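# A closer look at the structure
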Amino acid sequence: MRLAQGRAEKETMTETFLYHPPLVHFPIAFSFLEFLLLVLGRVKKNDEYFRFAFLTFVLCLLSLPFVVGAGFVDLGGFAGLRNDRVQRHVFSALTFAVINLIRIPRWRQARQNPGASWASLAAGAAASALLAGLTGYFGGFLID
Ligand code: HEM
């Protein structure tokens with residue numbers, strides 16, 4: 001696994017470049033921003049916030065293949081999944097991805113009038129933000 005290789009190399013003062021860490025903050029930031037914008041749209045009664053929330057949802061989805069792909073590259077493929085801490089992180093990450101895929105039809109239906117579907121959009125965005133935070137928390141245990 002490239003992660004273990006990275007740790008071993010650190011002792012000899014050479015570093016392995018990891019692709020995942022520079023990318024992981026995008027889905028985390030987009031999912032938190034989506035929830036915040038939905039709350040602001042409701043409080044300020046302004047649909048512009050909902051339009052921006054939809055954009056952050058799309059950007060979060062678009063970032064996922066790169067983040068997940070980079071995670072597996074850094075792991076050195078599926079062999080890296082034998083580690084318990086990695087499994088916990090990957091399970092949480094895949095749950096995060098699935099929750100967001102399930103939310104696509106909800107957003108598609110709600111786009112014309114997001115205010116009317118606010119509760120379900122906000123509940124989905126809150127679940128997404130919580131899972132993003134949890135996934136990042138578990139990911140932190142994989143770093144020295
Ligand atoms: C199934 C897909 C994923 C795999 C295989 C994976 C794998 C890894 C690995 C191996 C690390 C250790 C650092 C590295 O080698 O790059 C890590 C760290 C981390 N991962 Fe993931 N990851 C996945 C998905 C995600 C997702 C979707 C998120 C964000 C929501 C995420 C957030 C993080 C964070 C925040 C860290 C700590 C990085 C740091 O502190 O710089 N990961 N992950």
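Here the structure is a predicted model, which is why all the values come from computation and not from measurement.

What follows covers the overall build of the protein chain. On a plain count of helices and strands, the protein chain comes out with five helices and zero strands. Going from the N terminus to the C terminus, the protein chain shows its helices and strands as α-α-α-α-α. Considering only C-alpha atoms, the protein chain reaches an extent of 60 × 25 × 20 Å along its principal axes. A buried classification covers 27% of the 144 residues belonging to the protein chain. In the protein chain, the share of contacts with a sequence separation of at least 24, taken over all contacts with a separation of at least 6, comes to 73%.

Further remarks concern helix α5 (residues 118–140). The end-to-end C-alpha separation of α5 is 33 Å, in line with the 33 Å expected for 23 residues at 1.5 Å each. Listed in full, the buried residues belonging to α5 are Leu121, Gly124, Ala125, Ser128, Ala129, Leu131, Ala132, Thr135 and Gly139.

Definitions and limits used
Residues numbered from 1 in each chain as written. Predicted model: local features only at pLDDT ≥ 70, side-chain atom pairs only at ≥ 80, totals over all residues. Helix = DSSP H or I, 4+ residues; strand = E, 2+ residues; numbered from the N terminus. Buried ≥ 20, exposed ≤ 12 C-beta atoms within 10 Å, placed from the backbone. Contact = placed C-beta atoms within 7 Å. Expected span 1.5 Å × (residues − 1).

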